[in-house]
Amino acid sequence: MSKFFYRGRPDIMGKHNLGNYQPKPKVKSGSEENPLILQVQSAEREHEINTILTANGLFAEIRIDSEMPEDITPLDVALNKPVPQIVEKAPQRNDPCPCGSTKKYKKCCG
């Protein structure tokens, strides 16, 4: 028999609604548990990528194949994380005007 909730509504999800969804994974990308997967074309390029990885404390599996195109986009994503942009707040009506006059914003530039 299924569970009943407030006012006798049955639990239609049953065992499927366990709440295990986690939008933010606990394992960081580029760590030992979840290494980056990179594709390079030469051993020299692999050495360059390894120096970048050690400088930033990241781990990766690097495959060398001269016939496949180079793919290091996971490394670019890990190194260039987006930074939130700070936007200056617009002045309110009764604030002093930012142009430098002693008038209120609503009487000068507003």
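The paragraphs below set out a description of the structure included in this document. Note that the coordinates shown come from a computational prediction; the quantities given were computed from them, not determined experimentally. (Residues numbered from 1 in each chain as written. Predicted model: local features only at pLDDT ≥ 70, side-chain atom pairs only at ≥ 80, totals over all residues. Heavy atoms only, no water.)

Another aspect to go through is a positive patch on the surface. Together, Arg 93, Lys 104, Lys 106 and Lys 107 make up a region of like positive charge exposed at the surface. Looking at the element boundaries, Lys 104 is found in the segment after α2 (73-79). Since its relative accessible area comes to 41%, Lys 104 is described here as partly exposed. (Patch = residues over 30% accessible without salt bridge, like charges linked within 9 Å, V, L, I, M, F, W, Y side chains within 5 Å. Areas by Shrake-Rupley, 256 points an atom, 1.4 Å probe, with all protein chains shown as cover. Salt bridge = Lys/Arg side-chain N within 4 Å of Asp/Glu carboxyl O. Lys, Arg positive; Asp, Glu negative; His and termini not counted. Charge placed at Lys NZ, Arg CZ, Asp CG, Glu CD. Helix = DSSP H or I, 4+ residues; strand = E, 2+ residues; numbered from the N terminus. Buried < 20%, exposed > 50% of the residue type's maximum accessible area, 1.4 Å probe, protein only.)

With that out of the way, let us pick up the pairing of strand β1 (residues 36-40). Of all five residues in β1, four are buried, a share of seventy percent or more. Bridge count between β1 and strand β2 (residues 60-64): five bridges; the pairing is parallel. From the neighbouring strand, Val 40 faces β2, where its bridge partner is Ile 64. Handedness of the crossover joining β1 and β2 through helix α1 (residues 43-56) is recorded here as right-handed. (Pairing = 2+ DSSP bridges. Right-handed = clockwise from strand over helix to strand, strands pointing away.)

Turning to the environment of Asp 71, a few remarks are in order. Structurally, the position occupied by Asp 71 is in the loop between β2 and α2. Separated by 30 residues in sequence, Asp 71 and Gln 41 place their C-alpha atoms 9.3 Å apart. Only 3.0 Å separates the side chain of Asp 71 from the side chain of Thr 73, close enough to count as a polar contact. (Polar contact = N/O pair within 3.5 Å; in protein donor to acceptor, adjacent residues only side chain to side chain.)

What follows is about the pattern of salt bridges. Taken as a whole and judged by the stated rule, the model has two salt bridges. Measuring nitrogen to oxygen at the nearest pair gives 2.9 Å for the salt bridge that ties Glu 48 to Arg 45. Of the two residues, Glu 48 and Arg 45 both sit in helix α1, three residues apart, roughly one turn of that helix. In this structure Arg 45 comes out as partly exposed when scored by relative accessible area, which is 24%. Here the salt bridges do not stand alone but share partners, grouping Arg 45, Glu 48 and Glu 70 into one network.

Moving on: α1. Along an α-helix, residues three or four apart share an orientation, since each turn contains 3.6 residues. Given a rise of 1.5 Å per residue, 14 residues ought to cover 20 Å, and the 20 Å separating the end C-alpha atoms of α1 matches this to within 8%. Positive backbone phi, approximately 70°, marks Gly 57, located one or two places after α1. (Expected span 1.5 Å × (residues − 1).)

Another point: the environment of Lys 107. Along the chain, Lys 107 falls in the segment after α2. Given a relative accessible area of 65%, Lys 107 falls into the exposed group. Residues Lys 107 and Pro 96, spaced eleven residues apart in sequence, show a C-alpha to C-alpha distance of 9.6 Å.

We now examine the state of the cysteines. This structure, assessed with the given rule, holds zero disulfides. Between Cys 108, a cysteine without a disulfide, and Cys 99, which holds the nearest cysteine sulfur, the sulfur-to-sulfur distance is 3.6 Å. Cys 108 sits in the partly exposed class, given a relative accessible area of 34%. Cys 109 takes part in no disulfide bond, and the closest cysteine sulfur, belonging to Cys 97, lies 3.4 Å away. (Disulfide = S-S within 2.5 Å.)

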